[in-house]
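# Remarks on the overall topology
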Amino acid sequence: MTSAAARQDQSGCLIAAAGLYWLSLVDFVTAGTALVMPMLPIGIGAGMPWGLMDGLSVSVVPKERAGMASGIFSTTRVAGEGIALAIATAILAALAHIRIAGLVQDTSPEVHARIAEAAQRMTTGDMARAAHTLPEVGRHALSTSYADAFTSLLHVLMVITMLAAFATFAFLSKMPPQDDDTDATRW
């Protein structure tokens, strides 16, 4: 990977992190179309390194194995995205649970179980069922708790994305420059 490609990969991560920060500033309770604009830099930034990584995955193997390398890389990427999504959802559920628990004074096991169920329902987008599970909290308080939890998740994701950008810079900038003509004739 050339240093220009490493910079593009790093730039993509930083653009996505800026979009995550911008999205964290949006008032989720009253927002509508205001959510769309911050999502654009997130998507653009996340998409910038994709082609580079695809090219890198097939450039390090002989041409006759390029299809296999591409398939393995694509499978690994999709599996990684699934795992990342599951982890982010679990973090969101935990943050929502913490926010809701702060609203309820009763700490009995029965109420604690309802708080956990409400947090899970909110995380999956079922606000009506979450409000039905915890009627003593109120729908607006639940919405606000979810918005606060989501904002905290965005901050966590922003930090992770920035760390990825710095790791990309640290590891890939130390690679010796490669002559593209030599690589093309070698295989």
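What comes next concerns the included structure. Throughout, residues of each chain are indexed from 1 in the direction in which the sequence is written. The predicted origin of the model limits local features to residues at a pLDDT of at least 70 and limits the giving and counting of side-chain atom pairs to 80 or more, whereas totals for whole chains, interfaces and linings rest on all residues. The basis for every side-chain value is the complete set of heavy atoms in the structure, and neither hydrogens nor water enter the calculation.

### With respect to the pattern of salt bridges
Put simply, the rule reads: The rule for a salt bridge is simple: a side-chain nitrogen of Lys or Arg has to be within 4 Å of a carboxyl oxygen of Asp or Glu. Secondary structure counts use DSSP, requiring at least four H or I residues in a row for a helix and at least two E residues in a row for a strand, with both numbered from the N terminus.
Following the criterion strictly, the structure yields four salt bridges and no others. Residue arginine 114 is joined to glutamate 110 by a salt bridge in which the shortest nitrogen-to-oxygen separation is 2.7 Å. Here glutamate 110 and arginine 114 lie together in helix 4 (residues 109-123), a separation of four residues that amounts to about one turn. Via salt bridges that share partners, Glu110, Arg114 and Glu136 belong to a single interconnected network.

### With respect to the packing of helix 2 (residues 36-59) against helix 3 (residues 66-101)
Think of two packed helices as two axes; the pair is described by the angle between the axes and how far apart they sit. The condition is simple: Axis lines are fitted to C-alpha atoms, over the contacting stretch for helices. Their N-to-C directions set the angle, which ranges from 0 to 180 degrees. Any angle from 65 to 115 degrees is called roughly perpendicular, while one under 35 is roughly parallel, one over 145 is roughly antiparallel, and all others are oblique. Helix crossings get a hand from a simple test, with the near helix turned counterclockwise from the far one by less than a right angle marking a left-handed crossing and a clockwise turn marking a right-handed one. By the convention used here, residues are in contact when the closest approach between their heavy atoms is within 4.5 Å. Charged residues are taken to be Asp, Glu, Lys and Arg, nonpolar residues to be Ala, Val, Leu, Ile, Met, Phe, Trp, Tyr, Cys and Pro, and polar residues to be all remaining types, Gly included.
Orientation of helix 2 relative to helix 3, taken along the N-to-C sense of each, is 135°, at an axis distance of 8 Å. As judged from the angle between their axes, helix 2 and helix 3 are oblique. Once helix 2 is placed against helix 3, the crossing between them reads as right-handed. Touching Trp50, Met53, Asp54, Ser57 and Val58 of helix 2 are Ala66, Ala69, Ser70, Phe73, Arg77 and Glu81, all from helix 3. Of the residues in the contact of helix 2 with helix 3, the class split is six nonpolar, two polar and three charged.

### Looking at the packing of helix 3 against helix 4
One way to put it is that helix 3 packs onto helix 4 with a least axis distance of 8 Å and a crossing angle of 135°. Here helix 4 runs oblique to helix 3, going by the angle between their axes. Note on packing geometry: the crossing formed by helix 3 with helix 4 is right-handed. Packed against helix 3, whose contacting residues are Thr89, Leu92, Ala93, Ala96, His97, Ile100 and Ala101, the element helix 4 presents His112, Ile115, Ala116, Ala118, Ala119, Gln120, Met122 and Thr123 at the interface. Grouping the constituent residues of the contact of helix 3 with helix 4 by class yields 10 nonpolar, five polar and no charged.

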